[in-house]
Amino acid sequence: MAFVQKTVYSEPTHDYYNYAISLRGSLINQVAEMEEMINYYICQHFCATREKKFELMEVLVGSKHVTFQAKAEILKFLLIKNKDCTIKEAKTIFDKLVNNIGKHRNILAHARLDKSIASINKFKEDKRTIYFVKYENGKQIKEYGKKEVEELSRLILAVQHVIGEYHYKKLDFTLPK
């Protein structure tokens, strides 16, 4: 009995879209997990009971009322106050959160994928680079390749490391009964 092999042909546009969806989703998820750690860190500082931590998260810290930049400022203050890092380290983390991670976060969340033939042709040459269209004082094309992805992931991990697994693990944010 002979086996029939099915030949699968790859279509560059389809591959580009799928890779972009996967990469974008992965990076947005990493940022969301980091932001959740920041939220928990803030709530832990201000509330002693699980119920109050959850209430603070639900009503204020996890809401649209507290911006990403505001959370970064609160985190900087608390890291220094709790002596979880030096003033210089806290300022560095704040700068990285606002100027690097925040900028990437906004591009990933709000900029549209560049679906031009030029970007798809570039993708055919380098299967790990995607492009976004951002309008800021004119149209700009933002490239996300291996270097940008690794840099963003490294920054996110650095922030998570400073907040610390210790702080994150001891928080109980299961819903109160």
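Residues numbered from 1 in each chain as written. Predicted model: local features only at pLDDT ≥ 70, side-chain atom pairs only at ≥ 80, totals over all residues. Heavy atoms only, no water.

Chemist: Summarise the packing of aromatic side chains; cite the residues concerned and give the values.
Modeler: Per the stated rule, a full pass over the model turns up 4 aromatic pairs. Here Y16 and Y17 contribute two aromatic rings whose centre-to-centre distance is 6.2 Å and whose plane-to-plane angle is 45°, an arrangement assigned as tilted. Assessed through its relative accessible area of 0%, Y16 is described here as buried. Take Y17: its relative accessible area is 30%, and that puts it in the partly exposed class. With 5.5 Å between their ring centres and 85° between their planes, F132 and Y144 make a pair best called edge-to-face. With F132 in strand β2 (residues 130-135) and Y144 in strand β3 (residues 139-144), this pair connects stretches of sequence that are 12 residues apart. Members of the aromatic cluster, connected to one another through ring pairs, are Y16, Y17, Y19 and F123. Here K115 stacks its cationic end above the ring of Y17, 5.7 Å away from the centre of that ring. (Phe/Tyr/Trp six-rings, centres within 6.5 Å; stacked < 30°, edge-to-face > 60°. Buried < 20%, exposed > 50% of the residue type's maximum accessible area, 1.4 Å probe, protein only. Helix = DSSP H or I, 4+ residues; strand = E, 2+ residues; numbered from the N terminus. Lys NZ or Arg CZ within 6 Å of the ring centre and 35° of its normal.)

Chemist: An account of the sheet that holds strand β1 (residues 112-113) is requested, with residue identities and associated values reported.
Modeler: Taken together, 3 strands build an open sheet; the order of strands is β1-β2-β3 and the sheet is antiparallel. Each having just a single partner strand, β1 and β3 make up the two edges of the open sheet. As paired elements, β2 and β3 share 6 bridges and run antiparallel to each other. Opposite Y135, over in β3, you have K139 as the bridge partner. (Pairing = 2+ DSSP bridges.)

Chemist: Can you break down the pairing of β2 residue by residue, with the values?
Modeler: Among the 6 residues that make up β2, 5 are buried, leaving the element largely enclosed by the rest of the structure. Relative to β2, β1 is paired through 2 bridges, and the arrangement is antiparallel. Residue pairing in the sheet places L113 in a bridge with F132 of β2. Hairpin connection from β2 to β3: 3 residues lie between these consecutive antiparallel strands, with N137 at a positive phi of about 55°.

Chemist: Give me helix α2 (residues 50-61): which residues, what numbers.
Modeler: Since the α-helix advances by 3.6 residues per turn, residues separated by three or four positions end up pointing in the same direction. Every buried residue of α2 is accounted for by K53, F54, L56, M57 and V61. An end-on view of α2 places all buried positions within 160° of arc, on one side of the element. Set apart from the buried face of α2 by more than 90 degrees, the exposed residues are E58 and V59. Those residues of α2 hidden inside the fold are in contact with α1 (12-46) and α3 (68-81). (Arc of directions from axis to C-beta. Contact = heavy atoms within 4.5 Å.)

Chemist: Just give me the short version of the packing of α1 against helix α4 (residues 87-110), but keep the residues and values in it.
Modeler: Remark: α1 packs on α4, axes separated minimally by 10 Å, with the N-to-C direction vectors making an angle of 135°. With respect to each other, α1 and α4 are oriented oblique. Crossing of α1 over α4 shows left-handed handedness. Contact with α1, carried on its side by R24, L27, I28, V31, M34, E35 and I38, involves L97, I101, R105, I107, L108 and A109 of α4 and no other residues of that element. Of the residues that constitute the contact of α1 with α4, the class distribution is 10 nonpolar, no polar and 3 charged. (Axes fitted to C-alpha atoms, helices over the stretch in contact; angles between N-to-C directions. Parallel < 35°, antiparallel > 145°, perpendicular 65-115°, else oblique. Left-handed = near helix turned anticlockwise from the far one by under 90°. Nonpolar A, V, L, I, M, F, W, Y, C, P; charged D, E, K, R; others polar.)

Chemist: Kindly report on the side chain of S63, identifying the contributing residues and their values.
Modeler: Tracing the backbone through its elements, the reader meets S63 in the loop between α2 and α3. Owing to a relative accessible area of 17%, S63 belongs among the buried residues under this scheme. A distance of 2.7 Å separates the side chain of S63 from the backbone oxygen of L60, its partner in a polar contact. Here the side chain of S63 touches H65 through a polar contact of 3.2 Å, landing on its backbone nitrogen. Not counting the four nearest positions on each side in its chain, S63 is found in contact with M57 and E58. (Polar contact = N/O pair within 3.5 Å; in protein donor to acceptor, adjacent residues only side chain to side chain.)

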